[in-house]
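Take a look at the letters that make up each chain.
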Amino acid sequence: MGRKRQPRRGDTVNGMLLLDKPGGITSNAALQEAKSLLGARKGGHTGSLDPIATGLLPLCFGHSTKLSGFFLGAEKTYWAQIRLGQITDTGDSEGQVVATSALQPRCEQVEAALAQFRGEIEQVPPMYSALKHEGQPLYKLARAGETIERKARTITISDLKVLGLEGDRLQLEVHCSKGTYIRSLVEDIGAALGCGAHVAALRRIKAGPFDLTQSVTLEALEALHAEGGAEALDHLLLPMDSGLEDWPVLDLTEQTAYYLNHGQAVRVPGSPAFGKVRLRDASGRFLGIGEMTDDARVAPKRLLRFEP
């Protein structure tokens, strides 16, 4: 018999990390830096932030990367600083100014204009986005001078409030559904005000159940790593199912866990009538996600495969 392989450091890094992404780098670059510091083998994020944006970026490592898709639909909250009177070709401060206006709306005019953007609205995604057209990201086509017709999408702005207005600087807090482009929202608000606008600064402060106050900076990760190596960061990892805490939990017996792991639906006392559930084995270990069937059984939806 062959000798059992001892797990490497990267194989044991499982969980979520809430990162406060700095400005000036991509979400993937921030992920790779955190992944390297943790010594993780696998990593992914649950919804990217533009390079200009800072703030809450939930990262998944190890087995939790298999669940990242379930976190993508979470609602998010942003703080945005808006420059009124300037339109840029990218919709943010990194682009070239293409139009200006001396018009300076008053606070009551801003409040009146915002009313049309609350609730369910239609939004056209910006050209400077990662959406793809015939395999190419739109931002690459935009940089080459191309403009592609984009279909409007239905999004929901649950809350939109003014935090301050000083001269040509407007601060907003936006609570929105997945798929919302803040730069498009800002451009549309600027058009409604008649002066144009672009995003000057953007910070994500909430994502699903997570809050920015729970996050850690890259600088803090680097300092901990310098003191104690990758293991010194382990206490920052949240449980793999942290982003699903509002889902029901089902505790499985050894027998039901066995059948679920082999693709079979099972009956579990106390199961809800419908929807997705979190699954745990007899020891309390998180096993993955199940979904209720029409005949009141639990079917495997996304299971984690652990080494025996």
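That block above? That's the structure.
Residues numbered from 1 in each chain as written. Predicted model: local features only at pLDDT ≥ 70, side-chain atom pairs only at ≥ 80, totals over all residues. Heavy atoms only, no water.

## As for the overall build of the protein chain
Here is step 1 of the chain: A tally of regular secondary structure across the protein chain gives seven helices and 18 strands.
Here is step 2 of the chain: Along the longest, intermediate and shortest principal axes, the C-alpha atoms of the protein chain span 75 × 50 × 40 Å.
Here is step 3 of the chain: Every one of the 308 residues in the protein chain was classed for burial, and the buried ones make up 43%.
Here is step 4 of the chain: Nonlocal contacts in the protein chain, meaning residues at least 24 apart in sequence, comprise 66% of its contacts between residues at least 6 apart.
Here is step 5 of the chain: When the accessible area of the protein chain is evaluated, it comes to approximately 15900 Å², of which 48% is carbon and sulfur surface. (Helix = DSSP H or I, 4+ residues; strand = E, 2+ residues; numbered from the N terminus. Buried < 20%, exposed > 50% of the residue type's maximum accessible area, 1.4 Å probe, protein only. Contact = heavy atoms within 4.5 Å. Areas by Shrake-Rupley, 256 points an atom, 1.4 Å probe, with all protein chains shown as cover.)

## Concerning the sheet that holds strand β17 (residues 286-292)
Here is step 1 of the chain: Pairing is mixed across the open sheet formed by four strands, whose spatial order is β15-β16-β17-β18. The open sheet has two edge strands with one neighbour each: β15 (249-251) and β18 (298-303). Each adjacent strand pair in this sheet contributes to an overall mean axis angle of 40 degrees, direction not counted.
Here is step 2 of the chain: This element, helix α7 (residues 254-261), spans β16 (276-280), β17 and β18 of the sheet and lies at about 65 degrees to β18. (Pairing = 2+ DSSP bridges. Axes fitted to C-alpha atoms, helices over the stretch in contact; angles between N-to-C directions.)

## Concerning the side chain of Q123
Here is step 1 of the chain: Following the sequence through the fold, Q123 ends up in strand β7 (residues 119-123).
Here is step 2 of the chain: Side-chain polar atoms of Q123 contact the backbone nitrogen of Y181, separated by 2.9 Å.
Here is step 3 of the chain: Beyond its immediate sequence surroundings of up to four residues, Q123 is in contact with K151, A152, R153, I155, G179, T180, Y181, S184 and L185. (Polar contact = N/O pair within 3.5 Å; in protein donor to acceptor, adjacent residues only side chain to side chain.)

## Side note on the packing of helix α3 (residues 107-114) against helix α5 (residues 182-193)
Here is step 1 of the chain: The geometry of α3 relative to α5 is characterised by a closest axis approach of 10 Å and an angle of 120 degrees between their N-to-C directions. With respect to α5, the axis of α3 lies oblique. Handedness of the α3/α5 crossing: right-handed. Residue-level contacts link Q109, V110, A113 and L114 of α3 to I189, A192 and L193 of α5.
Here is step 2 of the chain: Here the contact of α3 with α5 is built from residues that sort into six nonpolar, one polar and no charged. (Parallel < 35°, antiparallel > 145°, perpendicular 65-115°, else oblique. Left-handed = near helix turned anticlockwise from the far one by under 90°. Nonpolar A, V, L, I, M, F, W, Y, C, P; charged D, E, K, R; others polar.)

## Here's the deal with the side chain of S184
Here is step 1 of the chain: Position of S184 relative to the elements: it lies in helix α5.
Here is step 2 of the chain: Beyond its immediate sequence surroundings of up to four residues, S184 is in contact with Q123, V124, P125 and P126.

## Observations regarding the nonpolar core
Here is step 1 of the chain: Core analysis: the biggest nonpolar cluster contains 45 residues, and L17, F61, L172, I182 and L221 have the highest contact counts within it.
Here is step 2 of the chain: In this structure L17 touches A34, L38, L57, P58, L59, F61, V216, L221, L236 and L237, once residues within four positions along its chain are discounted.
Here is step 3 of the chain: Counting 15 residues, the second largest nonpolar core, distinct from the first, contains L56, C60, F71 and F286. (Core = buried A, V, L, I, M, F, W, Y, C linked by side-chain atoms within 4.5 Å.)

## Points about the environment of S283
Here is step 1 of the chain: Relative to the assigned elements, S283 resides in the loop between β16 and β17.
Here is step 2 of the chain: Spatially, the C-alpha atom of S283 lies 9.4 Å from that of T253, the residues being 30 residues apart in sequence.
Here is step 3 of the chain: In this structure the side chain of S283 is engaged in a polar contact, spanning 2.7 Å, whose partner is the side chain of D281.

## Some details on the packing of helix α1 (residues 27-38) against helix α6 (residues 218-228)
Helix-helix packing is characterised by the crossing angle of the two axes and by the distance between the axes.
Here is step 1 of the chain: Contact pair α1 / α6: the axes reach a minimum separation of 10 Å and the direction vectors enclose 20 degrees. Relative to α6, α1 is oriented roughly parallel. Remark: the crossing between α1 and α6 carries left-handed chirality. Across the interface between the two elements, A30, E33, A34 and L37 of α1 pack against L218, L221, E222 and H225 of α6.
Here is step 2 of the chain: Of the residues in the contact of α1 with α6, the class split is five nonpolar, one polar and two charged.

## Things to note about the pattern of salt bridges
Here is step 1 of the chain: Taken as a whole and assessed by the stated rule, the structure comprises 14 salt bridges.
Here is step 2 of the chain: Between R83 and D168 there is a salt bridge; the shortest N-O distance is 2.7 Å. Residue R83 is found in strand β4 (residues 76-84), and its partner D168 is found in the loop between β10 (153-166) and β11 (169-176); the two are separated by 85 residues along the sequence.
Here is step 3 of the chain: Accessibility expressed as a relative area gives 22% for D168, which makes it partly exposed.
Here is step 4 of the chain: Between E111 and R118 there is a salt bridge, with its nearest N and O atoms 3.8 Å apart. (Salt bridge = Lys/Arg side-chain N within 4 Å of Asp/Glu carboxyl O.)

## Quick notes on α7
Here is step 1 of the chain: For α7, every residue scored as buried is listed here: T256, A257 and L260. Across the axial projection of α7, the buried residues extend over an arc of 100 degrees, all falling on one side. Seen from the buried face of α7, the exposed residues on the opposite side, beyond 90 degrees, are E254 and Q255.
Here is step 2 of the chain: On its buried side, α7 packs onto β16, β17 and β18.
Here is step 3 of the chain: Trailing α7 by a residue or two, G263 shows a phi angle of about 85 degrees, which is positive. (Arc of directions from axis to C-beta.)

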